[in-house]
Structures are given as structure tokens and as C-alpha cells.
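Chain by chain, the residues:
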Amino acid sequence: QVQLVESGGGLEQAGGSLRLSCAASGIILSFHDMAWYRQAPGKQRELVAAITNGGNTNYADSVKGRFTISRDNAKNTVYLQMNSLKLEDTAVYYCNAQRRLPMRNYWGQGTQVTVSS
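> Looking at this model, I keep getting lost on the side chain of His32. Mind explaining?
In this fold, His32 is placed in the loop between strand S3 (18-25) and strand S4 (33-39). Accessibility expressed as a relative area gives 2% for His32, which makes it buried. Engagement of the side chain of His32 in a polar contact is seen with the backbone oxygen of Ile28, the distance being 2.9 Å.

> Help me understand the sheet that holds S3, please; the structure alone is not making it clear to me.
Sheet strands line up and pair through hydrogen bonds in the backbone, either parallel or antiparallel. Reading across the sheet, the four strands line up as S1-S3-S8-S7 and stay open at both edges, with antiparallel pairing between neighbours. Each having just a single partner strand, strand S1 (3-7) and strand S7 (67-72) make up the two edges of the open sheet. Put simply, the sheet's adjacent strands are angled 15 degrees from each other on average, direction ignored.

> Would you take a moment to explain the nonpolar core for this structure?
Most often, soluble globular proteins keep nonpolar side chains buried together rather than apart. Of all hydrophobic cores here, the largest spans 28 residues; its most connected members are Trp36, Leu80, Met82 and Tyr93. If you list the elements that add at least two residues to this core, you get S3, S4, strand S5 (46-51), S7, strand S8 (77-82), strand S9 (91-99) and strand S11 (111-116). When residues no more than four places from it in sequence are discounted, the contact partners of Leu80 are Leu18, Arg19, Leu20, Trp36, Val48, Ala49, Phe67, Thr68, Ile69 and Tyr93.

Calculation criteria
- Residues numbered from 1 in each chain as written.
- Predicted model: local features only at pLDDT ≥ 70, side-chain atom pairs only at ≥ 80, totals over all residues.
- Heavy atoms only, no water.
- Helix = DSSP H or I, 4+ residues; strand = E, 2+ residues; numbered from the N terminus.
- Buried < 20%, exposed > 50% of the residue type's maximum accessible area, 1.4 Å probe, protein only.
- Polar contact = N/O pair within 3.5 Å; in protein donor to acceptor, adjacent residues only side chain to side chain.
- Pairing = 2+ DSSP bridges.
- Axes fitted to C-alpha atoms, helices over the stretch in contact; angles between N-to-C directions.
- Core = buried A, V, L, I, M, F, W, Y, C linked by side-chain atoms within 4.5 Å.
- Contact = heavy atoms within 4.5 Å.

What follows is the structure, encoded as C-alpha cells:
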């Protein structure tokens, strides 16, 4: 059974930092491209950051220079370091794992991040 378990969310003041973790079980992380998405109330889920199994990264324009995605395949864990948090970063953050061959797509249950002024 595949599980992606996010942790590290919470309440933080604007300008502060949080580090999200996504611990995977039931899959071999190194075979998968990983990503963080977020969904704010009333808005569609959007891609925040992605990292391929080869280590290439991609970021939404809104978080470039502030967020960093990384992976530790030995620990089967992906991270999202979030610095200089803004009010608009408030959302539920979801971990995603994708594999092309065979095609697989997995989601975590999400972790709430709330940024206050």
C-alpha cells in the first residue's frame, strides 16, 4: 500500500520559514518524479515545486527564490523549504509522486500552512 505522509505545516508569521516533509512508503522514491502542490480556499490546486528523479527542479513563479524542493532517496523523503513566507502562501500543501512506466500517480493527504500578518 502506497502512502505519502506530509508533515511540517502549521501557523507561521509572514516573513518566517517552514519546512515540509513528505515521507513515502510502499514505493521506491528514486523511481518517481516528486512535486508539491497547494490549494487555497476557493482556488484550484496549483503546482508549487517539482523535482525529477534525476534531480532537476521547477518552481512556480510565485515561489521562485523563496522555496526550495529537495529529495533524499535514501530516506524516501521529499522536502519543501519555505522561506520569506507571504500571506498568499496560505493553503493546504500536497505531496505528489508520479512514475511514467508503469504510469502511477499518488497523493498525500495534505498539510495545512497558514501564514499570518
